[in-house]
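So you can see what is in the structure, the chains are spelled out below.
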Amino acid sequence: MAQYARGSAVAVIRLRNPPVNALSLAVLQTLEDGLKKADADPSVKAVMICGENGKFSAGADIRGFSSPKRLGGALGPIVSLIESSEKPVVAAIEGVALGGGLEVALGCHYRIAHVKARMGLPEVTIGLLPGAEGTQRLPRLIGVPAALDMITTGKHIPATEALKLGLVDEIVEENTIEAAIRLANKVIGQPLGPRRLSLKPVPKVPNMEAFLDEALVKVKRQARGCLAPELCFQAVRAATQSPFAEGVRRERELFQVLLSSGQAQALQYAFFAERAVRRWATPSGASWSSAAPQPVRRAAVIGLGTMGQGIVTSLVKANIPLVALEQDLENLNKGRKAVMLLLQREAMKMEGGAQILDFHNPAHLQFTVDFDLLRDVDLVIEAVFENMALKKEIFHKLSKICKPGALLCTNTSALNIDEIASATNRPQQVIGTHFFSPAHVMRLLEIIYGRHTSPTAIATAMQLAKALKKVGVVVGNCFGFVGNRMMFPYVQQAVFLLEEGSRPEAVDQVLEDFGFKIGPFRMSDLAGLDVGWRSRKDQGLTGPSLPAGTPARQRHGQRYSPLPDLLCEQGRFGQKTARGWYLYEKAGGRTATPDPWLHNFLSQYRDTHGIQTRFIDQEEILERCLFSLINEGFAILAEGIASGPEHLDVIYINGYGWPEHRGGPMFYASTVGLPRVLAKLQKYSEAHPDVPGLRPSAFLKKLVAVGNPPLKEWMSYLSQQSSKL
Ligand code: CAA
Ligand code: NAI
């Protein structure tokens with residue numbers, strides 16, 4: 001609702017729809033009524049629009065876009081109504097003015113903002129464009145380059161930057177509402193023509209067309225198949241080419257294209273999925289609503305390799321003092337140097353007055369090789385080599401040294417949390433916190449509870465994720481947890497496709513065209529082929545512990561490809577050795593070039609094993625890789641490892657570079673249609689009976705049998721979830 005009040009000569013319209021004053025149809029109606037009332041009342045000389053509870057508005061109610069009485073189109077005429085008012089209208093911006101919220105403010109004749117407010121047009125991030133004339137007004141106010149940047153990226157800008165851009169007229173540190181009323185009183189009677197943005201020309205940029213052409217190339221490159229950024233661009237370009245009214249018509253057309261594109265639904269699903277996973281629950285009944293987190297005043301990180309360095313950086317950025325521990329002085333010094341470099345870079349990037357902990361002060365960040373210094377920390381994150389014996393040794397030590405309440409976290413990628421916990425005297429306080437590389441950049445934190453992990457431990461890990469500005473997703477304990485477990489069959493299919501006749505660049509291309517940031521082979525070269533090789537040796541799948549006489553392409557009766565092992569035996573570990581699935585310009589180089597040596601090697605390999613090379617089309621590449629990953633997702637859901645498909649999707653979008661405009665793997669499966677996913681898996685499984693990853697999961701079959709229900713109903717078809725606690 002919006003609330004109308006009139007005290008003095010200034011009428012106040014307050015947008016009210018907790019928690020973020022989203023512009024529902026009801027709010028818009030009362031906003032319109034308020035404007036008309038103020039217009040009709042001769043004692044009202046000016047109008048001030050503000051939001052309830054220190055927030056202007058986060059824009060249109062996103063849920064409204066999928067309802068039958070659609071919001072799209074309702075706001076634009078109201079923004080025009082504000083602008084055409086004969087009485088000055090002032091926006092008092094506190095908290096956030098986003099999307100339609102900022103468009104309302106752009107309709108106002110004056111804008112005044114609190115210094116801590118943030119503004120933006122984030123519609124592009126939910127697959128839309130600012131559809132209430134924002135693409136036409138913003139360029140007229142702040143110029144094309146700045147408007148294009150805000151509209152095509154959706155970034156939020158702080159009030160201080162908004163002032164510099166001319167987006168707001170004034171910023172205040174104290175009471176924004178009072179300041180706005182003062183401003184409104186001051187401008188009564190002043191001409192409004194120059195304040196109406198629709199009447200202003202778009203400021204000229206030298207060589208506008210050349211500038212726009214260049215900008216378009218950049219927008220397309222960054223969009224990776226997502227439609228919204230390009231259509232946002234087109235709407236802004238229309239502002240530079242046509243009068244206001246025509247630009248608005250173009251904006252509306254483009255908005256309708258996006259609304260019905262499917263991508264908007266996927267991105268809006270992803271928006272709500274990210275929020276839904278915060279309400280975690282486990283099969284045993286523990287949940288966010290009843291568990292309270294413990295405070296983390298001081299932390300520790302053990303192991304300052306690739307992951308430890310990023311984790312330390314993340315903690316410092318979140319202003320959590322910590323101790324960083326290594327096994328010896330040599331590794332400590334190496335780790336310290338790398339961490340300091342990362343922190344210096346991060347400190348330079350901090351914006352909007354945000355502060356980073358003084359990391360030169362040992363009271364904030366202390367480097368050591370002495371376990372005794374971990375005595376009084378509240379939480380430890382272990383990030384040593386992926387080796388069960390080593391991890392158990394460390395956890396045993398920790399349980400003797402750390403204070404009784406301390407939470408003990410492991411950053412293992414796949415190992416059994418219960419086994420690690422068994423080395424301690426407090427398994428209820430042991431939990432997996434699986435960060436993704438680079439840990440100070442990637443948003444995902446997979447949080448894995450073991451059989452004995454307490455609800456408090458889970459709540460504390462979730463709280464930590466929030467403090468680190470990450471997305472925490474709570475999952476159960478199994479080999480590879482959710483993310484890596486779904487990744488195994490995907491990567492396996494990619495390698496099998498090479499055996500059968502494809503090439504790394506062909507497979508990568510198909511998956512990158514689908515929207516992945518990076519295909520499986522480029523990814524493997526980046527992460528290092530040796531990582532998986534070590535793990536397979538530990539599992540006895542290759543190397544000296546492999547029993548003599550094991551068939552080259554079979555393990556435990558299932559198909560196995562030794563190709564990655566053979567590459568490692570040749571010292572081809574990926575980027576770090578300048579050779580892997582591709583060739584690189586130097587060790588550590590990043591430019592992947594297809595490698596004739598590898599093509600030749602693959603031909604010889606096929607000859608050796610009597611595999612007939614065949615042409616594999618793009619459809620087969622895509623389906624075998626994606627559907628096997630999705631199939632594993634259904635198995636995970638059936639086992640109760642995750643409490644809903646949203647969890648899997650949030651993990652894939654935030655940790656594995658899944659294209660957000662496709663909503664995550666499970667959402668994607670729902671858009672393809674489960675019967676089709678099942679039929680394809682059945683077909684591929686018949687062709688490859690020795691590949692369990694292609695055998696359709698029982699849960700998928702059940703969902704198809706009950707008529708392909710919508711994703712939000714899937715979990716209700718599980719008769720019983722297995723308890724993992
Ligand atoms: N519509 C509906 N619900 C919204 C919403 C919106 N625009 N913005 C936030 N919410 C809901 C969230 O779903 C969440 O609900 P639950 O508590 O039930 O999970 C609640 O409000 C609080 O949101 P957050 O948890 O995200 O709170 P936060 O403090 O971390 O962030 C925020 C606040 C920055 C406003 C963030 O919610 C946000 O970015 N919102 C989306 C803004 C947006 O995209 N606006 C554009 C909408 S499209 C449009 O306006 C117009 C158009 O012309 C097409
Ligand atoms: P790494 O090899 O880069 O670093 C491990 C560090 O641990 C080394 O610096 C080593 O000196 C230190 N260390 C070993 N024993 C120690 C001890 N007893 N005490 C203190 N420090 C000790 O390994 P990386 O890649 O950082 O991996 C660490 C953990 O994170 C592993 O469990 C791995 O599976 C997991 N992980 C790795 C990811 C990656 O992309 N590299 C992603 C997610 C998880």
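Sequence positions are assigned chain by chain, starting from 1 and proceeding in written order. Key to labels: chains lettered from A, ligands numbered from 1, both in the order written. Under the rules for a predicted model, residues below a pLDDT of 70 receive no local features and side-chain atom pairs below 80 are neither given nor counted, while totals for whole chains, interfaces and linings still include all residues. No hydrogens and no water enter the side-chain calculation; it runs on all heavy atoms of the structure.

### Examining the overall build of the chain
- In terms of helices and strands, the chain carries 27 helices and 19 strands.
- With C-alpha atoms as the basis for the radius of gyration, the globule rule is written as 2.2 Å multiplied by the number of residues raised to the power 0.38. The C-alpha radius of gyration computed for the chain amounts to 28 Å, which stays within 12% of the reference 27 Å derived for 725 residues, consistent with globular compactness.
- With the C-alpha coordinates of the chain rotated into their principal frame, the extents come out at 95 × 60 × 55 Å.
- Per-residue burial for the chain yields a buried fraction of 55% across its 725 residues.
- Across the chain, contacts joining residues at least 24 apart in sequence account for 72% of those joining residues at least 6 apart.
- Only the protein chains shown count as cover for residues, with accessible areas throughout obtained via the Shrake-Rupley method and a probe of 1.4 Å. Of the accessible surface of the chain, which amounts to about 30600 Å², a share of 53% is contributed by carbon and sulfur atoms.
- For the charge count, each Lys or Arg is scored as positive and each Asp or Glu as negative, with His and the chain ends excluded. To locate a charge, take atom NZ for lysine, CZ for arginine, CG for aspartate or CD for glutamate. Of the side chains in the chain, 82 bear a positive and 69 a negative charge, and the two mean positions are spaced by 2 Å. The secondary structure listing takes helices from DSSP runs of H or I that are at least 4 residues long and strands from runs of E that are at least 2 residues long, numbered from the N terminus. When accessible area is computed with a 1.4 Å probe and restricted to protein chains, residues below 20% of their type maximum are described as buried, those above 50% as exposed, and intermediate ones as partly exposed. By definition in these notes, contact holds between two residues if any of their heavy atoms fall within 4.5 Å.

### Quick word on a positive patch on the surface
- Like charges are joined within 9 Å and nonpolar side chains (Val, Leu, Ile, Met, Phe, Trp, Tyr) within 5 Å, but only among residues with over 30% relative accessible area and no salt bridge; these make up the patches. What makes a salt bridge here is a side-chain nitrogen of Lys or Arg within 4 Å of a carboxyl oxygen of Asp or Glu, nothing more. A grouping of Arg-63, Arg-278, Arg-279 and Lys-466 is seen on the molecular surface, where their side chains present a positively charged patch.
- Mapping Lys-466 onto the fold places it in helix H16 (residues 455-467).

### Focus: helix H22 (residues 596-608)
- Compared with an ideal rise of 1.5 Å per residue, which puts 13 residues at 18 Å, H22 spans 18 Å between its outermost C-alpha atoms and is within 8% of the ideal.
- Buried residues of H22: Leu-598, His-599, Phe-601, Leu-602, Tyr-605 and Arg-606, and no others. With its buried residues spanning 160° around the axis, H22 presents them on a single face. Turned more than 90 degrees away from the buried face of H22 sit Pro-596, Asp-607 and Thr-608, all of them exposed. Multiplying one less than the number of residues by 1.5 Å gives the expected span of a helix. In this description, one arc is meant: the one made by directions from the helix axis to the C-beta atoms.

### Structural notes on the UniProt feature "domain: 3-hydroxyacyl-CoA dehydrogenase C-terminal" (unreviewed entry) in the chain
- UniProt positions are given in the numbering used here, feature names are shortened, and annotations may be inferred rather than shown by experiment. Mapped onto this structure's residue numbering, the UniProt feature "domain: 3-hydroxyacyl-CoA dehydrogenase C-terminal" (unreviewed entry) falls at residues 480-584 and 621-709.
- Taken end to end, residues 480-584 comprises 51% helix and 4% strand; its first and last C-alpha atoms sit 30 Å apart.
- Helix makes up 66% of residues 621-709 and strand 0%, whereas the separation of the span's terminal C-alpha atoms amounts to 27 Å.

### Here we look at the site of ligand 2
- Residues are labelled near a given molecule or strand when at least one of their non-hydrogen atoms is within 4 Å of it. In the vicinity of ligand 2, 23 residues are found, and the nearest of them are Met-307, Glu-326, Glu-386, Lys-391 and Ser-413.
- The backbone of Thr-306 places a nitrogen or oxygen atom 3.0 Å from an oxygen atom of ligand 2.
- Any pair of N or O atoms that falls within 3.5 Å is considered a polar contact. Within protein, one atom must be able to donate a hydrogen and the other to accept it, and sequence-neighbouring residues count only if both atoms are side-chain atoms. The separation between an oxygen atom of ligand 2 and a polar side-chain atom of Ser-413 is 2.6 Å.
- Relative to its free-state accessible area of 840 Å², ligand 2 is covered by the protein chains to the extent of 80%.
- Counting residues per element, the ones that place at least two in the shell around ligand 2 are helix H12 (306-317), helix H14 (388-401) and strand E15 (430-435).
- Here the shell around ligand 2 takes three residues from H14, the largest share from any one element.

### Things to note about the sheet that holds strand E17 (residues 471-475)
- Two strands are said to pair when DSSP picks up at least two bridges between them. Taken in spatial order, the eight strands line up as E12-E11-E10-E13-E14-E15-E16-E17 in an open sheet, and their pairing is mixed. What marks the edges here is a single partner per strand, and that holds for strand E12 (365-368) and E17. Strand-to-strand, the axes of this sheet are offset by a mean angle of 25°, without reference to chain direction.
- In this sheet, E12 lies alongside strand E11 (residues 322-325) in parallel orientation, the contact comprising four bridges. Residue pairing for E12: Leu-322 is matched across the bridge by Leu-365.
- Interaxial angles span 0 to 180 degrees and are taken between N-to-C directions of axes, which are lines fitted to C-alpha atoms, for helices over the stretch in contact. Seen against the sheet, H14 touches strand E10 (299-302), strand E13 (379-382), strand E14 (407-410) and E15 and runs at an angle of roughly 170° to E14.

### As for the packing of helix H17 (residues 483-500) against H22
- For the pair H17 and H22, interaxial distance at closest approach is 8 Å and the crossing angle is 75°. When the axes of H17 and H22 are compared, the pair comes out roughly perpendicular. Here H17 contributes Leu-498, Glu-499 and Glu-500 to the contact with H22, which in turn contributes Leu-602, Tyr-605 and Arg-606. Small angles under 35 degrees read as roughly parallel and large ones over 145 as roughly antiparallel, with 65 to 115 read as roughly perpendicular and the rest as oblique.

### So, the site of ligand 1
- In the vicinity of ligand 1 lie 27 residues, with Ala-60, Gly-100, Arg-275, Arg-278 and Arg-279 positioned nearest.
- Between ligand 1 and Ala-58, the relevant distance is 2.9 Å, taken from a nitrogen atom to a main-chain nitrogen or oxygen of the residue.
- In the environment of ligand 1, an oxygen atom lies 2.7 Å from a nitrogen or oxygen atom belonging to the backbone of Gly-100.
- Taking 970 Å² as the accessible area of ligand 1 by itself, protein coverage stands at 77%.
- Elements with a contribution of two residues or more to the shell around ligand 1: helix H3 (100-107) and helix H11 (263-276).
- Top contributing element to the shell around ligand 1 by residue count: H11, with three residues.

### Quick word on the environment of Gln-263
- Counting through the fold element by element, Gln-263 comes out in helix H11.
- Along the primary structure Gln-263 and Gly-127 are separated by 136 residues, whereas in three dimensions their C-alpha atoms are 5.9 Å apart.
- In contact with Gln-263, other than residues within four places in its own chain, are Gly-225, Cys-226, Leu-227, Ala-228 and His-661.

### Some points on helix H25 (residues 665-672)
- For H25, every residue scored as buried is listed here: Pro-665, Met-666, Phe-667, Tyr-668 and Ala-669.
- After H25 finishes, the residue Gly-673 shows a positive phi value of roughly 100°.

### What to know about the pattern of salt bridges
- Within the structure shown, the criterion is met by 36 salt bridges.
- Among the salt bridges present, the one from Arg-195 reaches Asp-169, with a minimum N-O distance of 2.8 Å. With a gap of 26 residues between them, Arg-195 in the loop between helix H7 (176-187) and helix H8 (208-223) and Asp-169 in the loop between helix H6 (159-165) and strand E9 (170-172) connect regions that are remote in the sequence.
- Among the residues examined, Asp-169 registers a relative accessible area of 34% and is labelled partly exposed.
- Taken together, the shared-partner salt bridges in this structure form one network comprising Glu-499, Glu-500, Arg-553, Arg-559, Arg-614, Glu-620 and Arg-624.

### Some thoughts on the sheet that holds strand E5 (residues 96-98)
- One open sheet holds the three strands; their spatial order is E5-E7-E8, and the pairing between them is mixed. Bordering the open sheet on either side are E5 and strand E8 (157-158), each of which pairs with just one other strand.
- In the sheet, E5 pairs with strand E7 (residues 118-120) via three bridges, with the strands oriented parallel. Within the sheet, the bridge partner assigned to Val-96 lies in E7 and is Arg-118.
- Contacting E5 and E7, H3 crosses the sheet at an angle of about 90° to E5.

### Looking at the nonpolar core
- We call a set of buried residues a nonpolar core when its members are Ala, Val, Leu, Ile, Met, Phe, Trp, Tyr or Cys and they connect through side-chain atoms within 4.5 Å of each other. Membership of the largest hydrophobic core comes to 102 residues, with the highest contact counts inside it found for Leu-374 and Leu-626.
- For this core, the leading source of residues is helix H23 (residues 618-638), giving 10 residues.
- Apart from residues no more than four positions distant in its own chain, Leu-626 is found in contact with Tyr-490, Leu-511, Phe-514, Phe-516, Trp-658 and Tyr-668.

### What to know about the packing of aromatic side chains
- Aromatic rings from Phe, Tyr and Trp, taking only the six-membered ring of Trp, are treated as a pair when their centres fall within 6.5 Å; an angle between ring planes under 30 degrees marks them as stacked, one over 60 as edge-to-face, and anything in between as tilted. For the structure on display, the rule yields 16 aromatic pairs.
- Pairing Tyr-269 with Phe-667 gives two aromatic rings, centres 4.5 Å apart and planes at 25°, and the pair type is stacked. Taken together, the positions of Tyr-269 in helix H11 and Phe-667 in helix H25 put the pair 398 residues apart, joining distant regions of the chain.
- Of the residues examined, Tyr-269 reaches a relative accessible area of 15% and is grouped as buried.
- Accessibility expressed as a relative area gives 14% for Phe-667, which makes it buried.
- With 5.0 Å between their ring centres and 80° between their planes, Phe-514 and Tyr-668 make a pair best called edge-to-face. Residue Phe-514 is located in helix H18 (residues 504-514), and its partner Tyr-668 is located in helix H25; the two are separated by 154 residues in the primary sequence.
- These aromatic residues form a ring-pair network of at least three members: Tyr-490, Phe-514, Phe-516, Trp-658 and Tyr-668.
- In our convention, an over-ring charge means Lys NZ or Arg CZ found within 6 Å of a ring centre and within 35 degrees of that ring's normal. Positioned above the aromatic ring of Phe-371, the side-chain terminus of Lys-397 is 4.2 Å from the ring centre.
- Above the ring of Tyr-560, the side-chain terminus of Arg-555 is found at 4.0 Å from the ring centroid.

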